[in-house]
Amino acid sequence: MKISGVDIRPGNIIEYEGGIWKVAKIQHTQPGKGGAYMQVEMKNLQDGRKTNVRFRSADTVEKVRLDTKEFQYLYEDGELLVFMDGDTYEQINLESDLLGEAKEFLQDGMQVKLELWEEKPISVALPDQIEAEIVDADAVVKGQTASSSYKPAVLDNGVRIMVPPHIGSGTRIIVDVYERTYVGKAG
C-alpha cells in the first residue's frame, strides 16, 4: 500500500531502497522557504543499519503489509525477551532492541502484537496505553497557573513523564507508551 511521505508514523514498516525499514522517530518540519517535509529516522530490519531520510508530501513509499499475531510477554533473559504464542504455546526469543524505547513499558504477562514478515518476527507492538503507578512526584511549584503547569514524575518502571499537579506518589495513571505522556487517572 502506497502512503504519502508525510503520513509516515513511528512504528510503520516501509520498503525503501530495496530493504524493509522500521520508522523509529519522525519530525515534521515546515521551513520558511520551500515545502514541508518529514524527517524520518529508520532502522533496517534485516541488517540493523540506521538512516535519516527526508520525505516530502509528494514522495510516496510502500507500506509493507505484515502478518500480525498475538503473543504474551513472559520474561527477559539477558539481551533477549521471551514471548509465547497463545495458540500453540510455542516460545520465541527476540532481541530487546526490536522494541526500542517502548521496552521500558513491557510488563510480565502483557499481550503484544508481533509483526511477521515472511514468517520472521520483525517488530513488536505494545498496547498504545498502559496503566502504571507513580513512585515519585515532585512538589507543585506555588504560584504556577493550573492550566499549563505539569510537574515531573517517575513511574514504577523508572520512566520520567510530566503529570498534572494533582497527581501524587502512589497514584495509578494511564500512560501513552509511544508518546510517553500522561493520559488520565486509572479507573
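This one's a predicted model, so the numbers in the text were calculated from it and none came from an experiment.

### Some remarks on the overall build of the chain
Point 1. Within the chain, the secondary structure is distributed over zero helices and 16 strands.
Point 2. With the C-alpha coordinates aligned to their principal axes, the bounding extent of the chain is approximately 55 × 55 × 25 Å.
Point 3. The buried share among the 187 residues of the chain stands at 38%.
Point 4. Considering only intrachain contacts with a sequence separation of at least 6, the fraction spanning at least 24 residues in the chain is 44%.
Point 5. As displayed, the chain has an accessible area near 11,100 Å², and 46% of this comes from carbon and sulfur atoms.
Point 6. Taken together, the 22 basic and 31 acidic charged side chains of the chain have centroids lying 8 Å from each other.

### Quick look at the pattern of salt bridges
Point 1. What the rule picks out here adds up to eight salt bridges.
Point 2. In this structure, D47 and R49 form a salt bridge, with 2.9 Å as the shortest nitrogen-oxygen distance.
Point 3. On the basis of relative accessibility, which here comes to 47%, the residue R49 falls in the partly exposed class.
Point 4. Here K69 ties to D85 by a salt bridge, and the two come within 2.8 Å at their closest N and O atoms. With a gap of 16 residues between them, K69 in strand β7 (residues 67-77) and D85 in strand β8 (residues 80-85) connect regions that are remote in the sequence.

### Some remarks on the sheet that holds strand β10 (residues 111-117)
Point 1. Spatial strand order, β9-β8-β7-β10-β11: five strands in an open sheet with antiparallel pairing. Each edge of the open sheet is held by one strand with a lone partner, namely β9 (91-95) and β11 (120-125). The sheet shows a mean angle of 45 degrees between the axes of neighbouring strands, taken without regard to direction.
Point 2. Here β8 runs beside β9; their pairing, made up of five bridges, is antiparallel. Following the sheet pairing, V82 is matched in β9 by N93.

### Digging into the packing of aromatic side chains
Point 1. Under the counting rule described, the total for this entry stands at three aromatic pairs.
Point 2. Seen from their ring centres, Y16 and F55 are 5.7 Å apart, and the 80 degrees between their planes marks the pair as edge-to-face. Placement of Y16 in strand β2 (residues 13-16) and of F55 in strand β5 (residues 50-56) is noted, with a sequence separation of 39 residues between them.
Point 3. On the basis of relative accessibility, which here comes to 4%, the residue F55 falls in the buried class.
Point 4. Here the aromatic cluster, defined as three or more aromatic residues joined through ring pairs, consists of Y16, W21 and F55.

### Remarks on the UniProt feature "domain: Translation elongation factor P/YeiP central" (unreviewed entry) in the chain
Point 1. UniProt's feature table lists "domain: Translation elongation factor P/YeiP central" (unreviewed entry) at residues 68-122, given in the numbering used throughout.
Point 2. Along residues 68-122 the backbone is 0% helical and 56% strand, and the end-to-end C-alpha distance reaches 10 Å.

### So, the pairing of strand β16 (residues 181-185)
Point 1. Bridging between strand β15 (residues 172-176) and β16 involves four bridges; their strand directions are antiparallel. Paired with I174 across the strands is G184, a residue of β16.
Point 2. What sits between β15 and β16 in their antiparallel hairpin is a turn of four residues, with R180 showing a positive phi close to 55 degrees.

### Quick word on the pairing of β11
Point 1. Bridging between β10 and β11 involves five bridges; their strand directions are antiparallel. Along β11, the bridge assignment pairs L116 with P121.
Point 2. Turn length for the β10-β11 hairpin, with the two strands adjacent in sequence and antiparallel, is two residues, and the turn residue E118 shows positive phi of about 55 degrees.

Parameters and conventions
Throughout this description, residue numbers start from 1 for each chain and increase along the sequence as written. It should be noted that, the model being predicted, local features are given only for residues of pLDDT at least 70 and side-chain atom pairs only at 80 or more, the latter also being counted only at that level, while totals for whole chains, interfaces and linings use all residues. Hydrogens and water are ignored here; the side-chain numbers use all heavy atoms of the structure. Here a helix means four or more residues in a row that DSSP labels H or I, a strand means two or more in a row labelled E, and each is numbered from the N terminus. Relative accessible area decides the class of each residue, using a 1.4 Å probe on protein chains only: under 20% of the type maximum gives buried, over 50% gives exposed, and in between gives partly exposed. Contacts are assigned to residue pairs that have any heavy atoms within 4.5 Å of one another. Residue-level accessible areas treat just the shown protein chains as cover; the underlying method is Shrake-Rupley with a 1.4 Å probe. Note on charges: Lys and Arg go in the positive column, Asp and Glu in the negative column, and His and the chain ends are not counted at all. Here the site of a charge means NZ on Lys, CZ on Arg, CG on Asp, or CD on Glu. Any Lys or Arg side-chain nitrogen found within 4 Å of a carboxyl oxygen on Asp or Glu counts as a salt bridge. The criterion for strand pairing is that DSSP finds at least two bridges linking the strands in question. For helices, the fitted axis covers only the stretch in contact; all axes are lines through C-alpha atoms, and the angles between them, taken along N-to-C directions, range from 0 to 180 degrees. Any two of the Phe, Tyr and Trp rings considered here, Trp counted by its six-membered ring, make a pair once their centres fall within 6.5 Å; the pair's planes then place it as stacked at under 30 degrees, edge-to-face at over 60, or tilted in between. UniProt positions are given in the numbering used here, feature names are shortened, and annotations may be inferred rather than shown by experiment.

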